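For reference, the chains in residue letters:
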Amino acid sequence: MIKSGIKNTIAFWISVMLIIAIFSCFESYSAGNTRQEEKVVRVGYFQDYATILEPANEGSMGYGYDYLQEIAKYTGWNYQFIKCSWDEGITLLREGKIDIFGPMQKTEEREIFFDFPNVQMGMEYGVLFADKNSGILYEDLDYFNGMRVGTEKENYYTGVMEEYCREKGIRVTYVYTDAVDIGKELKAGLYDTYITGDLQAIPDTTVVARLSFEPYYYATTKGNREIVEGINNALKNIFRNDKYFEQKLYEKYFSNRDISKPGITKSEAELIKKYKKLTVGCDSNSRPLQYFDETTGQTSGISMDILKEVANLCGLEFEFIPMDGKSARQLEKADLWVGSFNYNGLKNLEYTDTYLNVPMLLVSDKLVNLSDKLTIAMYSYDGKNGAQLLKEYPQFSVDKYVTADEAFQSFKMKKADAMFVPAYTYDELEQVNNQELYCVYATDIKCRMNIGISERFPKEMINILNKGIASLDNDVINTIIYKNTSAGAYNGSISMLVKDNAWLVLGLVTVFFVLLLIVIEASNKRLKSVLYIDSSTGKSSLAKFRMDARALLNNAKPDEYMLVSIDVNNFKYINDIYGYETGNQVLKILAEHI
């Protein structure tokens, strides 16, 4: 009877897995049929812009190419890449002779002729390039006044340059060009500097000014709803599946780019000597972005670690003090502020460039319809994004709280339908409340983190800090984020690991019952082999690992061991396209190299 009961149980689980497999095959079949009807989308691109390099040359595709290929997974599009100049691309797009062109900034004038997706596809600085041997110093306004600036027709950054000139009280002359080799024209002296986005690769040049940090888009012809809706739906799915997709892609292509980090001028060096040590006031309740660590008695978090790097790059020293905004004396102590700028008493601040962009999420413990009238809990750190949230979702009502804990408790007590939080804060929330399941909704809102500077400091201090921010190494930032977020997961329990890998648990249950059937039917020797050897790779199985790990951990000292888990993203595509045998071979090769 016992054997029969066990066999029936195993048969049930195997049936469940077969049903899942059948549905998976059906999805693959449906996807295959969809691909037969793929639409050919014409994409215009211009040379040396780092988002799409040379599609004809394998291995040099770039950020934009990979982004478009990810979109194609949801739209079924095939792309035809058409090389053109900026002016040609604008004309072709306006006439409907290409379907997509960019990157470009969204403006009211451009929206007359083009349609744009709802969500940006990246960020870039507007910069002034000069020939590396020109001798032009960074933000040398005496030289800038009267200089010739190369640009193109309908270049968004020409308007940004105009605003920069008004702010600095200088005048420049524009030289319009549609040349392919900008570096050659700079060297020949046809103009002194060239204004463009920093994603454009111009050899043998140096950056002599950074003007603004702007979102960019890929546009389509006005009225081409199929393209713009296809992009919108694809982006929604991309960020639902991986809220860090854009950040990862940026790091892949741009993290090691060197576009001549701006240097410190003589007057700025004198200012650094005068204000060597600065006090930084910061929120103390926004874990893991910034918080007061009771174990160390210090303010910690992602912001603090990044700002230490900024201080080091600028030759400054920062002292961090936690603030709750309730004491005027607290506010008076600080020279700089990071976090919420909603405190009474923080008036007339100047702000640096953004040192970190954090995606903002809507988190709920139930399925909600974002088109409904919902009550959203928000705490002070996210307050500066509240206006953006209400602009995007005008039907929402917002309840504001001082701390993240207060907002979360309101949300847990059902006073709010969802909570509006930075992505890293959600990651922390998910780890601490590991028994809870949350529904996460991505938005196109970014928490842009800046430094607020007291009005008593010269404006040159902003330039100094901005140069430190511009010189930040993305690899260093990634390490800081990892240390303050993902690394904390290794302190969790086995139950947290199981919860975070629910699909693996299902697989283990299935393997367990299959192995149990083998125990009943096979010899002990054969059983041992099946239990402890993975058939796909020939290496030790998960069961063997768990047994060995348990033996080690039972007598281990605290922090003696670390668990490393490796996952292959989108492995399903290998199985779907090349078959399971090829997928197993890939696993075997990976196992040989671990």
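For the structure, see preceding data.
Everything in this summary refers to the structure shown in the same document.

**Focus on the packing of helix 2 (residues 63-75) against helix 9 (residues 245-254)**
Running from amino to carboxyl end, helix 2 crosses helix 9 at an angle of 145 degrees, the nearest separation of the two axes being 9 Å. The hand of the helix 2/helix 9 crossing is right-handed. Residue-level contacts link Y63, D66, Y67 and E70 of helix 2 to F245, E246, L249, Y250, K252, Y253 and F254 of helix 9. Here the residues of the contact of helix 2 with helix 9 are counted per class, giving seven nonpolar, no polar and four charged.

**A closer look at empty space enclosed by the protein**
Per the counting criterion, the structure on display carries two cavities of 30 Å³ or more. Taken as a whole, the largest cavity holds about 150 Å³ of empty space. Elements supplying a minimum of two residues to the lining of the largest cavity: strand 3 (100-104), helix 6 (156-168) and strand 8 (193-197). Partitioned by chemical class, the residues of the lining of the largest cavity number nine nonpolar, five polar and three charged.

**Examining the packing of aromatic side chains**
Tallied over the full model, the rule gives 15 aromatic pairs. Arranged with centres 5.9 Å apart and planes meeting at 80 degrees, the rings of F116 and Y217 form a pair that is edge-to-face. Residue F116 is found in the loop between strand 4 (114-115) and strand 5 (122-131), and its partner Y217 is found in strand 9 (residues 205-221); the two are separated by 101 residues along the sequence. Given a relative accessible area of 9%, F116 falls into the buried group. Y217 sits in the buried class, given a relative accessible area of 10%. Centre to centre, the rings of Y191 and Y194 are 6.0 Å apart; their planes meet at 35 degrees, and the pair counts as tilted. In textbook terms, an aromatic cluster arises when at least three aromatic residues are bridged by ring pairs, as seen for Y45, Y65, Y79 and F81. Looking at R94, its charged tip hangs above the ring of F113, at a distance of 3.9 Å from the centre. The ring centre of Y125 lies 5.0 Å from the NZ or CZ of R210, which sits over that ring.

Quick notes on the rules
- Per chain, the residues get numbers from 1 upward, laid out in the order the sequence is written.
- At least 70 in pLDDT is required for a residue's local features to be given in this predicted model, at least 80 for side-chain atom pairs to be given and counted, and no such filter applies to totals for whole chains, interfaces and linings, which use all residues.
- Hydrogens and waters are ignored; side-chain quantities use all the structure's heavy atoms.
- Only C-alpha atoms enter the line fits that serve as axes; for helices the fit covers just the stretch in contact. Angles between N-to-C directions range over 0 to 180 degrees.
- By definition, any uninterrupted DSSP run of H or I lasting at least four residues is a helix, any uninterrupted run of E lasting at least two residues is a strand, and each is numbered from the N terminus.
- Handedness of a helix crossing follows the sense of rotation of the near helix relative to the far helix, less than a right angle counterclockwise being left-handed and clockwise being right-handed.
- Contact between two residues is taken to exist if any of their heavy atoms lie within 4.5 Å; hydrogens are not considered.
- Residues were grouped as follows: Ala, Val, Leu, Ile, Met, Phe, Trp, Tyr, Cys and Pro as nonpolar; Asp, Glu, Lys and Arg as charged; and all remaining residues, including Gly, as polar.
- Two kinds of site are reported from a 1 Å grid over the protein atoms alone, namely cavities, where a 1.4 Å probe fits but cannot get out, and pockets, open sets with protein on both sides within 12 Å along at least five of seven lines, and residues are called lining when an atom falls within 4 Å of a point.
- Grid points are joined across faces, edges and corners, and a volume is the space filled by probe spheres set on the points.
- Centres within 6.5 Å are what make two rings of Phe, Tyr or Trp a pair, Trp counting through its six-membered ring; a difference in plane orientation under 30 degrees is then read as stacked, over 60 as edge-to-face, and the rest as tilted.
- Note on exposure labels: buried denotes an accessible area under 20% of the residue type's maximum, exposed denotes more than 50%, and partly exposed covers the range between, all computed with a 1.4 Å probe on protein chains only.
- Only lysine NZ and arginine CZ atoms are considered, and such an atom sits over a ring when it is within 6 Å of the ring centre and within 35 degrees of the ring normal.

Just distances and angles here, no functional claims.
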